[in-house]
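Geometric and topological summary
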Amino acid sequence: MSKIWFVTGSSRGLGRQFVQAALSRGDRVAAAARSTASLDDLVAAHGDAVLPLAMDVTDKAAVFESVKRAREHFGRLDVIVNNAGFAQIGAVEELTEQQLRDQMETNLFGAVWVVQAALPYLREQRSGHIVQLSSAAGVIAMPLGGAYHASKWALEGLNEALAGEVAGFGVKVTIVEPGGFATRDGKNPDPLANGHMAQPDPAYDDLRRRLGAVAGKQPAGDPAAAAQALLKLADLDNPPLRVLFGQGFYPMIQQAYADRLKMWDDWQDLSAEAHGRGQDA
C-alpha cells in the first residue's frame, strides 16, 4: 500500500530528495517549506499526489494548520519526516543570544511542533512512523559547532523519550544521523563555509584555520542514495531507533564513545566519593 508522507524542509537538499523518491514510487507527499516555488515542477509532474505547503516550522500555529490540512487532503498520515533545520557556526563565546535562540527555535522547537501536531492523528489510526533528521553532530561534538550540536543532541534525547512514549500506540520513531552529503552543487558541504556564521572573534582565528583545513574532507554521500535508504526505513515493520546515513563519521563516533566510556571508568573512584556513604531510608 502506498504511503502518505509529511516532509519539512522540502524545497532543497535531502528534503527535496526524500520528496522526489517517495513520489517516484507512487506515494503521496505533503511537502512543507518556507517557500514552495521550487516544488512547482513536482506539482506539474505528479499533480494531486503532492501537496505543497508554505510553512515556517518556527510558527507553531502554521505547523498545526499545515499538518491538519495534509491529513484532511490525504485522509491519513503514515510517515512524518522532520527534516527542516540549519547550522549555526561559531565558538560558544561568539554566539549572540538571538543566534542561539534561532538555532533552537528551528532545529528543536520546530520539530516538537510537528510531532505534537501529527501525534493525535497517528494515535487515532494506531500507526505511523516519525523520522527525525538529526546528524552525526547529534552524537559527537567539535569546536565551533556548539549551537548546532546543542540542538541536535537535544533532538536525540527528545526522540528517544518519544519512542518509549508512543510505542504502545503503534507509532515508531527513527533518528536518522547523516554525515556529509553533496547537497550544494555536488560538493561535500563545509559547515565552516556554508553555515550561518557568528561574528568572528580574532581569538579563535587560529582554531578556525586549523579546522578549515580539514573541514569537508570526509567522502560526500549521495543524496539520492540517502532518499532510497529512507524509503527502505519507512517500509520496515521494526525500524531501528537510530541509524547513521553515510559512513565517513562512523570511525569518529566509535572512538568518541570508546573515549567517553573510558573516561567514566577512569574516574569511578571520584564518582564513588561523590556518592558519599548514602542516606538511610
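Residues numbered from 1 in each chain as written. Predicted model: local features only at pLDDT ≥ 70, side-chain atom pairs only at ≥ 80, totals over all residues. Heavy atoms only, no water.

**Considerations on the packing of aromatic side chains**
This is how it is decided: Under the pairing criterion, centres of Phe, Tyr and Trp rings, with the six-membered ring standing for Trp, must be within 6.5 Å; the plane angle then separates stacked pairs below 30 degrees from edge-to-face pairs above 60, leaving the rest tilted. Starting at the N terminus, helices and strands are each numbered in turn, a helix being any DSSP run of H or I of at least four residues and a strand any DSSP run of E of at least two. Buried means the residue's accessible area, taken with a 1.4 Å probe over protein chains only, is under 20% of the maximum for its type, while exposed means over 50%, and partly exposed covers the values in between. In this scheme, the term charge over a ring applies when either NZ of a lysine or CZ of an arginine sits within 6 Å of the ring centre and within 35 degrees of the ring normal.
Counting across every chain of the model gives one aromatic pair. For the pair Phe109 and Trp113, a centre-to-centre distance of 5.8 Å together with 40 degrees between the ring planes defines the contact as tilted. Here Phe109 pairs with Trp113, and both are found in helix α4 (residues 97-125), just four residues apart, close to one helical turn. The class of Trp113 is buried, set by a relative accessible area of 15%. Above the face of the Trp113 ring, Lys60 is positioned so that its terminal group lies 4.6 Å from the ring centre.

**Comments concerning the nonpolar core**
What counts, and what does not: Definition used in this section: a nonpolar core is a set of buried Ala, Val, Leu, Ile, Met, Phe, Trp, Tyr and Cys residues joined via side-chain atoms within 4.5 Å. For this analysis, residues touch if any pair of their heavy atoms sits within 4.5 Å.
Within the largest apolar cluster, 32 residues are counted, with the highest numbers of intra-cluster contacts made by Phe6, Ile80, Leu119 and Ile130. Elements that contribute at least two residues to this core include exactly β1 (4-7), β2 (28-33), β3 (50-54), α3 (60-74), α4, α5 (146-166) and β7 (171-178). In terms of residue count, the dominant contributor to this core is α4 (eleven residues). Aside from chain neighbours lying at most four places away, what touches Phe6 is Ala30, Ala32, Leu53, Met55, Ser66, Val67, Ala70, Val79, Ile80, Val81 and Val114. Counting 27 residues, the second-largest nonpolar core is a separate cluster that includes Phe18, Val79, Leu133 and Ala234.

**What about α4?**
For an α-helix, the turn length of 3.6 residues means that residues three or four places apart are oriented alike. Rules: The span expected for a helix works out to 1.5 Å for each residue beyond the first. Take the seven residues that end at a residue and the seven that start at it, fit an axis to each, and the angle between those axes is the bend at that residue.
Along its 29 residues, α4 runs 41 Å from first to last C-alpha, staying within 8% of the 42 Å computed at 1.5 Å per residue. Its maximal kink placed at Glu105, α4 deviates by approximately 35 degrees. Where α4 ends, the next residue or the one after it, Arg126, has phi of about 60 degrees, a positive value.

**Some points on the side chain of Thr174**
The topology assignment puts Thr174 in strand β7. With residues up to four places along the chain from it excluded, the contact list for Thr174 reads His129, Ile130, Val131, Gln132, Leu233, Pro239, Pro240, Leu241 and Val243.

**Focus on the pairing of β1**
So the rule is basically this: A pair of strands is considered paired only if DSSP assigns at least 2 bridges between the two. Here, the term right-handed applies to a crossover whose path from the first strand over the helix to the second runs clockwise when the strands point away from the viewer.
Burial of the side chains of β1 extends over both faces: Ile4 and Phe6 are buried on one face and Trp5 and Val7 on the other. Where β1 lies against β2, four bridges are found, and the strand directions are parallel. Its bridge partner being in β2, Phe6 is matched across the sheet by Ala30. Traced from β1 through helix α1 (residues 13-24) to β2, the parallel crossover comes out right-handed. Where β1 lies against strand β4 (residues 79-82), three bridges are found, and the strand directions are parallel. Counterpart to Val7 in the pairing with β4 is Val81.

**Remarks on the pattern of salt bridges**
Side-chain pairs of opposite charge can arise where the charged atoms are in close proximity. Selection criterion: We define a salt bridge as a contact between a side-chain nitrogen of Lys or Arg and a carboxyl oxygen of Asp or Glu at a distance within 4 Å.
In total, this model carries 15 salt bridges according to the counting rule given. In this structure, the salt-bridge partner of Arg16 is Asp41, at a minimum N-O distance of 2.6 Å. One end of the pair, Arg16, is in helix α1; the other, Asp41, is in helix α2 (residues 40-46), with 25 residues separating them in the sequence. Overall, the relative accessible area of 13% leaves Arg16 in the buried class. One salt bridge connects Arg242 with Glu177, and the closest N-O pair in it is separated by 3.5 Å. Highlighted residues: Arg242 in strand β9 (residues 242-245) and Glu177 in strand β7, separated in sequence by 65 residues. Salt bridges here are not isolated pairs; linked through shared partners, they connect Lys3, Arg25, Asp27 and Asp235.

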